[in-house]
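# Structural features, examined
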Amino acid sequence: MDPYGTLDPGANGQERPAPRLREAGTLRVLFRGARKRCPRCGERRIFDGWFTLAPSCPTCDLRFEREEGGFLGAMAVNYAVAIVFWLVVMAVGIALTVPVVPVAPLLAASIGVLTVVPVWFYPRSKTLWAAIEFLVVRSEPGYRSPPLVRDPRTKDLE
Ligand SMILES: [Zn+2]
């Protein structure tokens, strides 16, 4: 693509459309969500602290919470991930100690897993859910990619 195309639109006698953000594939969108990044452009500076997700992306302007209470899905994702972690810990704990299963240590491990994992995964559950919602929005016929303001990939070099 010609990076100077928009600077001199009349140079070759025809108007060029403003460049638009190149959309990532579905897996990449979900992967970005799982890594606490903007699903659409990959921007990483979208959190204010550990728990507070910005209302929208500063780079591509994607709104993360589509509607009031829209992050109930994120809570469900977070619970599901915590339960999966807990089941793995229990299964391994029981498999390694059977037939004398130590109930008290497993109980302590359960409390630890079910406390630490939801806190650790909380911001990821929000961006992952935002990624799922973004994929739904993007599949609608009226969707258009936003104008390309700056390429978020160049910031990775900082
Ligand atoms: Zn973005």
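Here's what I pulled together on the structure shown here. (Residues numbered from 1 in each chain as written. Predicted model: local features only at pLDDT ≥ 70, side-chain atom pairs only at ≥ 80, totals over all residues. Heavy atoms only, no water.)

## As for the overall build of the protein chain
Just so we agree on the cut-off: Numbering of helices and strands runs from the N terminus, with a helix taken as a DSSP run of H or I at least four residues long and a strand as a DSSP run of E at least two residues long. The rule is simple: take the accessible area with a 1.4 Å probe, protein chains only, and divide by the maximum for that residue type; under 20% is buried, over 50% is exposed, in between is partly exposed. Pairs of residues are marked as contacts when any of their non-hydrogen atoms sit within 4.5 Å. Here the Shrake-Rupley method, with its probe set to 1.4 Å, supplies the accessible areas, and only the displayed protein chains count as covering residues.
Assigned secondary structure in the protein chain consists of three helices and two strands. Helices (α) and strands (β) of the protein chain occur, in sequence order from the N terminus, as α-β-β-α-α. Burial analysis of the protein chain (158 residues in total) assigns 34% to the buried set. Contacts spanning at least 24 positions in sequence make up 62% of the contacts within the protein chain whose residues lie at least 6 apart. Just so you have it, the protein chain exposes about 10,300 Å², and 65% of that area is on carbon and sulfur atoms.

## Digging into the coordination of the zinc ion
Tetrahedral coordination by four donors sets the ideal angle at the metal to 109.5 degrees; octahedral coordination by six donors sets it to 90 or 180 degrees. Put simply, the test is: Coordinating donors are taken to be N, O and S atoms lying within 2.8 Å of the metal, or within 3.2 Å when the metal is Na, K or Ca; because water is excluded from the atom set, some sites may appear incomplete. Here the metal geometry follows the donor angles, with tetrahedral for four donors whose angles all fall between 85 and 135 degrees, square planar for four and octahedral for six when opposite donors are more than 155 degrees apart and every other angle is between 65 and 115, and irregular for all the rest.
Protein coordination at the zinc ion: the donors are Cys 38 (SG), Cys 41 (SG), Cys 57 (SG) and Cys 60 (SG), at 2.3 Å from the metal. One can describe the donor arrangement at the zinc ion as tetrahedral, given that its four donor atoms subtend angles of 105 to 115 degrees at the metal. Each donor residue of the zinc ion belongs to the same chain, with the gaps between them written as C-x2-C-x15-C-x2-C. Placement of Cys 41 in the loop between helix H1 (26-34) and strand S1 (47-48) and of Cys 60 in the loop between strand S2 (52-53) and helix H2 (72-97) is noted, with a sequence separation of 19 residues between them. The buried category is assigned to Cys 41, whose relative accessible area is 4%. A relative accessible area of 6% means that Cys 60 is categorised as buried.

## Thoughts on the packing of aromatic side chains
Applied cut-off: Two rings from Phe, Tyr or Trp (for Trp, the six-membered ring) form a pair when their centres are within 6.5 Å of each other. A pair whose planes differ by under 30 degrees is stacked, one over 60 is edge-to-face, and the rest are tilted. We count a charge as sitting over a ring when the NZ of a lysine or the CZ of an arginine lies within 6 Å of the ring centre and within 35 degrees of the ring normal.
A complete count under the given rule lists four aromatic pairs for this structure. Residues Trp 120 and Phe 121 carry aromatic rings whose centres are separated by 5.8 Å and whose planes lie at 45 degrees to one another, so their mutual orientation is tilted. Taking relative accessible area as the criterion, Phe 121 reaches 9% and is therefore assigned buried. Three or more aromatic residues joined by ring pairs make a cluster, and in this case those are Phe 85, Trp 120 and Phe 121. In this arrangement the basic side chain of Lys 36 is found over the ring face of Phe 47, its NZ or CZ atom lying 5.8 Å from the centre.

## Description of unusual backbone geometry
Here Val 98 and Pro 99 are connected by a cis peptide whose omega angle stands at 15 degrees. Positionally, Pro 99 belongs in the loop between H2 and helix H3 (103-138). Within the chain, Lys 36 stands out as a residue other than glycine whose phi angle is a positive 60 degrees. One can find Lys 36 in the loop between H1 and S1.

## Quick look at the pattern of salt bridges
Put simply, the rule reads: The salt bridge definition used is simple: a Lys or Arg side-chain nitrogen within 4 Å of an Asp or Glu carboxyl oxygen.
Tallied over the entire structure, the rule returns two salt bridges. Residue Glu 23 is joined to Arg 138 by a salt bridge in which the shortest nitrogen-to-oxygen separation is 3.3 Å. Residue Glu 23 is located in the segment before H1, and its partner Arg 138 is located in helix H3; the two are separated by 115 residues in the primary sequence. According to the relative accessible area criterion, Glu 23 is partly exposed, its value standing at 26%. Look at Arg 138 and you get buried, because its relative accessible area is 19%. Across the pair Glu 43 and Arg 45 runs a salt bridge, and its minimum N-O distance is 3.3 Å.

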